[in-house]
Amino acid sequence: MSNAFSPDELPGVGVGSSVGNPVGGNADAQVAPDSSATASKAIIGPVVAGPALLLDMAMLAVWIAMTDYLIYRVGTYLTWGLCLIGTLLFLALAKRQVGHRFATLCMSALLALLAVKLLWCGSLLQIFCGLFVALCLAMARSGLPPFLPEVLAFGGMVIAGAARRVSRFRFGSVSEVSGKVRPWVGSSILLPATLVLCFIGLFVMANPDVASSLAVKFRLLADSTFKLLSKFSFGEAVFVIASGWMMLGLLYPSAQKLMSELVPAEFSTVKSPSKHYPVARNTLVSLNMLFALYLVFEFATLWFRELPDDFYYAGYAHQGAFWLTVALALSTLILSAIFRGSLLSDPLLSRLKKLALVWSAMNMLLAVAVYNRLFIYIDFNGMTRMRVVGLLGIACVVAGLSLVVVKFWRGRDFVWLIHRQLWVPVLAVMIYAIIPVDWIVHEVNVRRVLEGNPASSVQIVAHLHSAEGALPLLKLVDHPDPIIRDGVRALLALWAYELNATPATEETHLSAYRGRYRPELGHTTPWLWVEDGFSRSGRSSEIEWHSWQGAEARLRGALVEVQEAWQPFADDSTLRDRTVDAFYEYAYQWY
């Protein structure tokens, strides 16, 4: 018994059929020749012709037009977001047959959130995640559970499925009597179409106003078509073919056996003592005692005392938290190794489970201790992107440990664990790609500064941030500390120039800021995260529609509201550089 599908169990999969047939039907379904009226109307043989072929051609045209324009010809974060939304709608309409409803719902929600993040403040991370989720969504709609590493195998199934679908194309009509495909030539098709076009031409020529109007429109259409084709290149031709091929593969993937999961009822119910039981028992007892002693030490030294002035924050947060996280990961591996093989049939298995449950609880307390170390460091000098990554990394380890506990407590097998464990880091990456990381980071830092902790200002001036990360800085334009206040105003003047919120008075003075800033002190600090040619089309008086980003539009409007604060630093580049130098030197004492 298995909760994964085999080829024979896939919805709509049978002899001569494709997985997840579009529009709810089974265009590839085959029947043997029969004298009955019903059988005579069926498509005979493994071919795609007639209405099924026309439907495929229409879907190909729509998909290729969408991807060619939004991705190849424009290719900004906004258009990538629109393309992900288009993919979501396209799969929903073309593959109305849903194999895994829960997986389809989850993948659809992830794809929609990634598209929204691309519209707000995009990066390449959201694009890669979006492509991966789109593959998982097509897999779920085709009746295959999107577990890893089956998703990787599904990529090959997509390519093979497209090849199989194309090999079945037959440009003709299907005989209702013999079931054979007849080419679309001869009087049955060409002659009626030719006569209709001839009479349309005669009727148009009989009306001079209509004829002249259509002539103008035809000339405009011809000019537009010529311009469109003149831009067509070999690279675009390759992209169009690959895009269409992938679309057919997503709709008609090949079927393939998946790894099967055993449910508890399928394990052996015969109880027999295991020779490994004493080793496992002694291991769990020993580790329970060791963890209990260490947790007392951890909580006594870092929770219930005031930290000294010379406390090594970076060491305890970086090195210490890393090794404790390794300890959590090792605990996960040990639990996985214990509950397997002959131990699963030992009569005393329930005792081992109780010991393992106690040790797992102490591992959770150890995870709380790791979080505490990171929050001590955040409390000392603020939040950064890497600290967000650290928090998500610890969450991954905790989730992995929790899955192992569920595995041994409910009697699941190793395949069940692998299917879910591999999704844990993937979901962490998805969360990082979806949430507004820069806004969260600087919102925390700004609040800490406003609460009287200037040490967090080092993260404002020492790390790269995007437009969404600049939004919280507006709260510091009137800060009582003149170094912080003027430093933030100088940084906002750079953003004002980059976002066209102020006229360009100096075309070359910003080149050093785009990427790495090298002021008089000699340090190298990136502040502005702006990818020219991708998030916008250079500096111009008007931003093109496809270069729009929600965070940049919001920041541009907010900068106009506080223009009096940053304008002096925009007018005087020397004043701005010296102010940024002073801010950096002041904040770096807490780095």
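Everything in this summary refers to the structure shown in the same document.

Each value, and the rule that gives it
Residues numbered from 1 in each chain as written. Predicted model: local features only at pLDDT ≥ 70, side-chain atom pairs only at ≥ 80, totals over all residues. Heavy atoms only, no water. Helix = DSSP H or I, 4+ residues; strand = E, 2+ residues; numbered from the N terminus. Buried < 20%, exposed > 50% of the residue type's maximum accessible area, 1.4 Å probe, protein only. Contact = heavy atoms within 4.5 Å. Areas by Shrake-Rupley, 256 points an atom, 1.4 Å probe, with all protein chains shown as cover. Core = buried A, V, L, I, M, F, W, Y, C linked by side-chain atoms within 4.5 Å. Salt bridge = Lys/Arg side-chain N within 4 Å of Asp/Glu carboxyl O. Expected span 1.5 Å × (residues − 1). Polar contact = N/O pair within 3.5 Å; in protein donor to acceptor, adjacent residues only side chain to side chain. Phe/Tyr/Trp six-rings, centres within 6.5 Å; stacked < 30°, edge-to-face > 60°.

Looking only at helices and strands, one finds 22 helices and two strands in the protein chain. Out of the 591 residues belonging to the protein chain, those deemed buried represent 47%. Sequence-distant contacts, at least 24 apart, represent 77% of the contacts inside the protein chain between residues at least 6 apart. For the protein chain, the exposed area adds up to about 29400 Å²; of that, 68% sits on carbon and sulfur atoms.

This part covers the nonpolar core. Formed by 51 residues in total, the largest nonpolar core has its most connected members in L114, F154, M247 and L251. If you tally residues by element for this core, the top one is helix α5 (residues 124–141), at nine residues. Counting 43 residues, the second largest nonpolar core, distinct from the first, contains Y277, F299, I338 and L403.

Tracing the sequence through the fold places R387 in helix α13 (residues 385–410). Sequence-distant contacts of R387, that is, excluding residues within four places in its chain, are made with Y377, I378, N381, G382 and Q459.

All told, the structure shown has 12 salt bridges when counted by the stated rule. Between E236 and R73 there is a salt bridge whose closest N-O contact spans 2.8 Å. Linking E236 in helix α9 (residues 234–251) with R73 in helix α2 (residues 51–74), this pair joins segments that are 163 residues apart in sequence. With relative accessibility at 1%, the residue E236 sits in the buried group. It is possible to trace a salt-bridge network through shared partners that takes in D68, R73 and E236.

Below, the discussion takes up helix α4 (residues 101–121). Here α4 is 21 residues long and its end C-alpha atoms lie 30 Å apart, about the 30 Å a rise of 1.5 Å per residue gives. Along α4, the positions that sit buried rather than exposed are A103, T104, M107, S108, L110, L111, L114, A115, K117, L118, L119 and C121. In the core, the buried residues of α4 are packed alongside α3 (77–94), α5, α15 (423–434), α18 (467–470) and α20 (550–561).

A separate point is the side chain of D68. Tracing the backbone shows D68 in helix α2. Sequence-distant contacts of D68, that is, excluding residues within four places in its chain, are made with R73, E236, F239 and V240.

Turning next to the environment of S274. Inspection of the secondary structure assignment puts S274 in the loop between α9 and α10 (277–302). Take S274: its relative accessible area is 9%, and that puts it in the buried class. Counting along the chain gives 68 residues from S274 to S342, while the straight-line C-alpha distance between them is 5.6 Å. Side-chain polar atoms of S274 contact the side chain of S342, separated by 2.7 Å.

Taken as a whole and judged by the stated rule, the model has nine aromatic pairs. When the centroid spacing of 5.2 Å and the interplanar angle of 55° are considered together, the rings of W63 and F90 count as tilted. With a gap of 27 residues between them, W63 in helix α2 and F90 in helix α3 connect regions that are remote in the sequence. For the residue pair W63 and F90, the accessibility class agrees, reading buried in each case.

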